[in-house]
Amino acid sequence: MNSGDLPSGSDSVTNNLSRRLDDVILISRILLNGTVVTSKTLKPNEELLNAIRKNCKDGLCYAHLRLASPEGREVGEAKLFLYDGNIIACITRIGDEKFYGEAALRVLSKLPDAGIGSVRIIEYSFDPSLLDPDLREAILKGKAPAQPLQKVRQKKERQLVKAEATVAKPEKIEEVKEKEESIEQKEKVPEAKAVGRVKAYVARKLQEVGVPITNTALVESKKYVVLDIICDEDSEIPPPENIVLAAIRHYIEALGEDKATGKVRVTVHHKKTHSETYDLSKDVRIWKLLGAIPEVLWKYSLYVDKLKYKVRNRGKLEISLTLKRHGIYSTANIHDVAKEIYERLKSEWKDDLIVKAKIGAWGMEVKYP
């Protein structure tokens, strides 16, 4: 592909529409309500964009690409909107440099030259109703709105800036725009730091117990959170449900029980994709507690198959577990396992606690204490 060429199906890519991919609220809405159509890792080559388009031939799609060095270290990312197989918006970031529109697509077409060793692709299909009216019209017509939508939380500040520019001190349009961008940047920096800290903490904690994580992503809004956990496809992983349960615990630890109060969707990407959604507006303390159970079990080559809990009078917590072995050679003593789970949880749960556990649906159930 020559440096001036663009991939087929990218004739309507514009900078304005591409910049809408920077909207965290919009992307989190798509991730929460969309459907994963593919999750895979590819080598960077000239056919990369065609491979992305192939899975999104009908309707609207959002594609998120994580770009890694040959050693597996993340060095950039890309985001794309597609409509009926055509790429209509794109952002590409390599290091600290970000590109929009046609320039972003040209960067993607020359990834091997940029030292990229692999590309992790996750694509979501979604309904047009998830988009704001002006953006939906712009995408369906294949053109960008004249100006991006203003976020509600910025409305008053922007009005003030414009009023000052018109009445008190007439300024050039470029100067007003700089003030608006300054307001946006001040709002985004603390949020970006918090997101980076939380996802790094979750990844580190899961890696410490042997989960082969290659990357994590976290998208937050006021109503919900989407946490993506990307695992090495060539490595074996515990059952995804167990990874999700442990990830919820570490997410709550990193954020704090007082702030982890909304809905969280955790998606584990391996050879298959598994998602679960938790409403932390209730029992956030208990979900944090239960998330410690998989880490106790993994060293015994045991995993949670079914989990139930009840909070009885005066805070008495009763947990019932059905476990399954990872392989036929696990010789764990169920009494010892139940005791260790109890002792691990009791360090955090100061009220009465009972742990019931059995291996397999027909196994002998033990109760501790």
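Residues numbered from 1 in each chain as written. Predicted model: local features only at pLDDT ≥ 70, side-chain atom pairs only at ≥ 80, totals over all residues. Heavy atoms only, no water.

Asks: Any chance you could explain helix α2 (residues 24-33) here in plain terms?
Replies: An α-helical turn contains 3.6 residues, so a residue and the one three or four places further along point in the same direction. α2 sits mainly inside the fold: seven of its 10 residues count as buried. Every buried residue of α2 is accounted for by Leu26, Ile27, Ser28, Arg29, Ile30, Leu31 and Leu32. (Buried < 20%, exposed > 50% of the residue type's maximum accessible area, 1.4 Å probe, protein only. Helix = DSSP H or I, 4+ residues; strand = E, 2+ residues; numbered from the N terminus.)

Asks: Explanation requested: helix α11 (residues 334-346) in the structure shown.
Replies: Counted at 1.5 Å a residue, the expected span for α11 with its 13 residues is 18 Å, and the 18 Å between its end C-alpha atoms agrees. Buried residues belonging to α11 abut α9 (284-290), α10 (293-298), β11 (302-311), β12 (317-325), β13 (353-359) and β14 (366-368). The N-cap residue of α11 is Asn333: its side-chain oxygen and the backbone nitrogen of His335 are 2.9 Å apart. (Expected span 1.5 Å × (residues − 1). Contact = heavy atoms within 4.5 Å. Polar contact = N/O pair within 3.5 Å; in protein donor to acceptor, adjacent residues only side chain to side chain.)

Asks: Is there a simple way to think about the sheet that holds β11 in this case?
Replies: Where strands meet in a sheet, backbone hydrogen bonds hold them as pairs that are either parallel or antiparallel. Strand order in the open sheet formed by four strands is β11-β12-β13-β14, with mixed pairing between adjacent strands. At either end of the open sheet lies a strand with only one pairing partner, and these are β11 and β14. Each strand of the sheet is rotated relative to its neighbour by a mean of 20°, with strand direction disregarded. Two strands pair when backbone bridges link them, and β11 and β12 are joined in this way by nine bridges, in the antiparallel orientation. Bridge assignment links Leu302 to a residue of β12, and that residue is Arg325. Packed on one face of the sheet, α11 meets β11, β12, β13 and β14 and runs near 145° to β13. (Pairing = 2+ DSSP bridges. Axes fitted to C-alpha atoms, helices over the stretch in contact; angles between N-to-C directions.)

Asks: Can you help me understand the side chain of Thr38 in this one?
Replies: Note on placement: Thr38 falls in strand β1 (residues 35-42). Using a relative accessible area of 11% as the deciding quantity, one classes Thr38 as buried. Beyond its immediate stretch of four places on either side in the chain, Thr38 contacts Asn55, Ile121, Ile122 and Glu123.

Asks: Sorry, what's going on with the pattern of salt bridges here?
Replies: Where charged atoms from two side chains of opposite charge approach closely, those side chains can pair. The tally for this structure, following the rule as stated, stands at 14 salt bridges. For Arg93, the salt bridge is made with Glu77, and the minimal N-O distance between the two is 3.8 Å. With Arg93 in strand β4 (residues 86-94) and Glu77 in strand β3 (residues 74-83), this residue pair connects regions lying 16 residues apart in the sequence. When its relative accessible area of 23% is taken as the criterion, Arg93 is described as partly exposed. Among the salt bridges present, the one from Glu233 reaches Arg120, with a minimum N-O distance of 2.6 Å. One end of the pair, Glu233, is in the loop between β8 (224-231) and α8 (240-255); the other, Arg120, is in strand β6 (residues 118-126), and 113 residues separate them in sequence. The exposure class assigned to Glu233 is partly exposed, which follows from its relative accessible area of 25%. What you see here is one network of salt bridges that share partners, running through Arg249, Glu253, Arg344 and Glu348. (Salt bridge = Lys/Arg side-chain N within 4 Å of Asp/Glu carboxyl O.)

Take it as geometry only, folks, not as evidence of what the structure does.
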